[in-house]
Structures are given as C-alpha cells and as structure tokens.
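The residues making up each chain are set out below.
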Protein chains: 2
Amino acid sequence: MTEAQKLLKDFPDIFHILTNHMDAKKMRKTSERYYILNEIYKLNTHFDVDTLFKNLSDTSYRISRATIYNNLELFLECGLIVKHHFGQNLSLYEKSFGYKQHDHFICNQCQSIIEFCDPRLHQIKKSLEEILNVTVDSHSLYLYGKCSNEKCQKGIPQRKIK
Amino acid sequence: MTEAQKLLKDFPDIFHILTNHMDAKKMRKTSERYYILNEIYKLNTHFDVDTLFKNLSDTSYRISRATIYNNLELFLECGLIVKHHFGQNLSLYEKSFGYKQHDHFICNQCQSIIEFCDPRLHQIKKSLEEILNVTVDSHSLYLYGKCSNEKCQKGIPQRKIK
DNA sequence: GTAACTGCAAACACTTTGCAAAGGA
DNA sequence: TCCTTTGCAAAGTGTTTGCAGTTAC
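A short tour of the structure in this document, coming up. Predicted model only: the values in this text are computed from it and were never measured.

About the cut-offs
- Residues numbered from 1 in each chain as written.
- Chains lettered and ligands numbered in written order.
- Predicted model: local features only at pLDDT ≥ 70, side-chain atom pairs only at ≥ 80, totals over all residues.
- Heavy atoms only, no water.
- Helix = DSSP H or I, 4+ residues; strand = E, 2+ residues; numbered from the N terminus.
- Buried < 20%, exposed > 50% of the residue type's maximum accessible area, 1.4 Å probe, protein only.
- Areas by Shrake-Rupley, 256 points an atom, 1.4 Å probe, with all protein chains shown as cover.
- Lys, Arg positive; Asp, Glu negative; His and termini not counted.
- Charge placed at Lys NZ, Arg CZ, Asp CG, Glu CD.
- Salt bridge = Lys/Arg side-chain N within 4 Å of Asp/Glu carboxyl O.
- Expected span 1.5 Å × (residues − 1).
- Contact = heavy atoms within 4.5 Å.
- Near = heavy atom within 4 Å.
- Polar contact = N/O pair within 3.5 Å; in protein donor to acceptor, adjacent residues only side chain to side chain.
- Least-squares fit on C-alpha atoms with pLDDT ≥ 70 in both.
- Pairing = 2+ DSSP bridges.
- Axes fitted to C-alpha atoms, helices over the stretch in contact; angles between N-to-C directions.
- 1 Å grid on protein atoms, 1.4 Å probe; cavity = no way out; pocket = protein on both sides within 12 Å on 5 of 7 lines; lining within 4 Å.
- Points joined across faces, edges and corners; volume = space filled by probe spheres on them.
- Nonpolar A, V, L, I, M, F, W, Y, C, P; charged D, E, K, R; others polar.
- Left-handed = near helix turned anticlockwise from the far one by under 90°.

1. What to know about the overall build of chain A
Here's step 1: Broken down by element type, chain A carries seven helices and five strands.
Here's step 2: When the helices and strands of chain A are listed from N to C terminus, the series reads α-α-α-α-α-β-β-β-β-α-β-α.
Here's step 3: Once the C-alpha set of chain A is aligned to its principal axes, its extents read approximately 55 × 45 × 25 Å.
Here's step 4: Burial statistics for chain A: of 162 residues in total, 42% are counted as buried.
Here's step 5: Looking at chain A as shown, the accessible area adds up to about 9000 Å², and 50% of this sits on carbon and sulfur atoms.
Here's step 6: Of the side chains in chain A, 23 bear a positive and 19 a negative charge, and the two mean positions are spaced by 5 Å.

Shown next as structure tokens:
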C-alpha cells in the first residue's frame, strides 16, 4: 500500500469503492487520485474545483486543475461525490458516500444552505417511474427562499456567492 | 403603441406584466425588450441564449447578446421566464406565465426532457417552511434516469446537449 | 436634454483539450 | 516497455463588463 493510499485509512469504505472501481475498469491507481479523494473527504462542506485546488496546493502535492477535473469525473461515476448547480454558473461538489441522501434549501438573501430530507420525494420518484415508464437514477431538488435569519426575512439585498 | 409592442398583441397578459413592471421601476420601454419577449413566447421549448440570439438575428432586428442577457434578467424578475441548469454548464430558459408549474425528468442517455407535476412537492415545501421556519419562494426539481426509449434503457452512451 | 439602454469587443471565469513527460502495470 | 495519466498552457464556451453612441421620456 502506497503513502497516498494510506491517507485514506480513516475512510476504508471509500478506499475500497474507489479501488474496486479502478480495478474493474483497469485504471491505474495513481497517487493523485487518492490525494484528491482524501482531501474531499476531509471537507465537511460543499466545495468548488478552485477551493479543492488551493487546498491541495497547500499540501506538499502539486496537482493540476486538469487532473482534478478528470478525477472528479471518476468519483462521480463511483458515486463517491455528487455535483450541484446552486443557481450560479458554478459547479459545487459534495462527498456522498455514507451520508444520508438529502436535498438543499438555499437562502436567496444570504446564500446559506440548509440540508433536509423528505421521504415524499422517494414516492414522487416511484410514481414517475410507473407513470412515464422510465427509470429514475438520481435527482436534484433545491428550494429557494428566505432563511430564518431576521435580516433575510426583511429582504436585505442578495449578494453573490464568492 | 409602438410596432414592437404590437407584436405582443397575442399575449396581452404578458404585455401588461412587463409594461407594469417597467413603469413601476421607471425603466424605459425599449423595442428590444418587446422583440425579445415576443420571440420567447413564440417558442414552445426550453431555449438557451445562443438559440434566442440566432432566432432574433433571423428577423430584421439585430439585438446583441449583451442586451439579451440584460433583459432575461428583467424577465426573470417579472416571473415571465424561469432559468434552468439541466446538469450541463449551460443555462436554459423557459417561458413561465400561464403555464402550469411543472418539473423535469431528464434522460441521461438521449437528453430528452419530460415535464411532470406532482402535488406532493407542494406539501414538501409547506412542511419545510414549518420545520425550518423559512419562506420558500421557488424550487427546482430534476429527476435523472433513462427514458422509455428502448435504446436508452439498454444504456447507449450519453451524448451532450447541442 | 439627459440618463437609461444598446451594441460591440474585450475581459472574465470555469472547464476542456493537446501534447510532451512521467510513472503504474 | 507500454500506454494510461499527469501537468502545463492554450483554447473553448458561456457570461459579464466598459464604454461610446443611441434613444425613450
């Protein structure tokens, strides 16, 4: 087991999902892949590519943006992360293994994000599969509005993320 | 009433919503605004900025992309259109007045879009407002999967929109 | 007349691509 | 060794901005 692979020792399930996927697809187990995934799973927030790039730059590894983009694609395939578009033209990602499936409420005023889960969504998916004769693999649900923050309820002007 | 304004004679409600909004905000009633909105309401599909630009270029009006972007923002404010991010880094818009609120199923294989409506979503919104003490103004729900097309169910590789 | 609006082109920000070099298998 | 993957820089793509010229009011 290489140095990079050892980094994931705190996340054995993740390690195996990634490794098995690469075996199955006859892909190379490069250290970059483990470094990037480790960095993602250390985070507890939604993140964009640039943030990830900067976090990795702060370590002793120098990993290019191109490599990050390539491997996010790989992690998406494995279901280890999910990709979001929270309204802006910016992709945000989030680790997704071992975390309860959830959706997002986004405050239009302060851009804060609240996660929630509602079983009725699963029912909607089931109904749709029957009615339209389709297969539903995944979904994204975003609710937009004003959060409970007093200033937001009063309608203080919106600011952009970043 | 100008030539441009007359174009919207088939959509009197739309005309008034836009005109009232501009009056209220002391904005100018430029012909471009009516031309663009007319073009949008003639469409019965989701559209991107480039398509709209090309459609407008085919008429005798030459309207720049910058102006289109500016005014889509205005129409969004009025609630005359809605903006979607169907997974790709491309914004798609859709006229929204007088059309039943609906959501979208997107086929990962052939990229076809099916619209649907489920009342349970409204219940989810209501619950969330109570539980989180927030105000929900709008939402977006996308379900992804494979449509009933035989080829899609077999998993023919995905192609990009456009 | 004058401030809001438009058109153009340049700038921007995020993402993808091409290719030489590196390094798993 | 072979061929996938990486890093870099350049190109691409959708969107925004700056500014001079235009036009609604």
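2. A look at the pattern of salt bridges
Pairs can form between side chains of opposite charge whenever their charged atoms are close.
Here's step 1: Summed over the entire model, instances satisfying the criterion amount to 16 salt bridges over all chains.
Here's step 2: A salt bridge links Arg120(B) to Asp118(B); the shortest N-O distance between them is 3.0 Å.
Here's step 3: Across the salt bridge formed by Glu129(B) and Lys126(B), the nearest N and O atoms sit 3.4 Å from each other. Placement of the pair is Glu129(B) and Lys126(B) together in helix H6 (residues 120-132), with a separation of three residues, close to one helical turn.
Here's step 4: Counted as one network, the salt bridges with shared partners bring together Asp50(A), Lys54(A) and Arg65(A).

3. With respect to helix H3 (residues 31-42) of chain B
Residues and elements named next belong to chain B.
Here's step 1: Taking 1.5 Å as the rise per residue, H3 with twelve residues should run 16 Å; its terminal C-alpha atoms sit 17 Å apart, in good agreement.
Here's step 2: Those residues of H3 lying buried are Arg 33, Tyr 34, Tyr 35, Ile 36, Leu 37, Asn 38, Glu 39, Ile 40 and Tyr 41.
Here's step 3: Against helix H1 (3-6), helix H2 (12-24), helix H4 (49-58), helix H5 (65-78), strand S1 (81-84) and strand S2 (92-95) lie the buried residues of H3.

4. Details of the protein's contact with DNA strand C
Here's step 1: Within the structure, DNA strand C sits among 20 residues, and Arg28(A), Tyr69(A), Arg28(B), Arg62(B) and Thr67(B) are positioned closest to it.
Here's step 2: Within 4 Å of the protein, the atoms of DNA strand C are drawn from sugar and phosphate moieties in a proportion of 64%.
Here's step 3: Within the backbone of Lys29(A), a nitrogen or oxygen atom sits 3.3 Å from a phosphate oxygen of DNA strand C.
Here's step 4: Ser91(A) has a polar side-chain atom sitting 3.1 Å from a phosphate oxygen of DNA strand C.
Here's step 5: Counting only elements with at least two residues in the surface near DNA strand C, the list comes to helix H5 (65-78) of chain A together with H3 and H5 of chain B.

5. A look at the relation of the copies chain B and chain A
Here's step 1: With an RMSD of 0.1 Å, the fit of chain B onto chain A corresponds to turning through 180° and sliding 0.0 Å along the axis. In symmetry terms, the pair is related by a two-fold rotation axis. The position closest to the rotation axis in chain B is occupied by the C-alpha of Leu141(B), lying 2.2 Å away.

6. Observations concerning the sheet that holds strand S4 (residues 113-116) of chain A
Here's step 1: Spatially, six strands are ordered S4(A)-S3(A)-S5(A)-S5(B)-S3(B)-S4(B) in an open sheet, and the strand pairing comes out mixed. The open sheet terminates on both sides in strands that have one partner only, identified here as S4 of chain A together with strand S4 (113-116) of chain B. Strand-to-strand twist of the sheet, defined as the mean angle between neighbouring strand axes without regard to direction, takes the value 25°.
Here's step 2: Looking at chain direction, strand S3 (residues 103-107) of chain B and strand S5 (residues 135-146) of chain B are connected through four bridges and run parallel. Bridge pairing links Cys107(B) to Gly145(B) in S5(B).

7. Topic: the layout of surface pockets
Here's step 1: What the second largest pocket holds in volume is close to 240 Å³.
Here's step 2: In terms of lining, the second largest pocket is formed by 14 residues, of which the most central are Asn89(A), Val49(B), Tyr69(B), Ser91(B) and Tyr93(B).
Here's step 3: At the level of elements, H4 and H5 of chain B are the ones that each hand at least two residues to the lining of the second largest pocket.
Here's step 4: Class assignment for the residues of the lining of the second largest pocket results in six nonpolar, three polar and five charged.

8. Here's the deal with the packing of helix H2 (residues 12-24) of chain A against helix H3 (residues 31-42) of chain A
All names here are of chain A.
Here's step 1: The contact between H2 and H3 brings their axes to 11 Å, and the two run at 145°. Between H2 and H3 lies a crossing of right-handed hand. Between H2 and H3, the contacting residues are Ile 14, Phe 15, Leu 18, Thr 19 and Met 22 on the first element and Arg 33, Tyr 34, Leu 37 and Tyr 41 on the second.
Here's step 2: Partitioning the contact of H2 with H3 into residue classes produces seven nonpolar, one polar and one charged.

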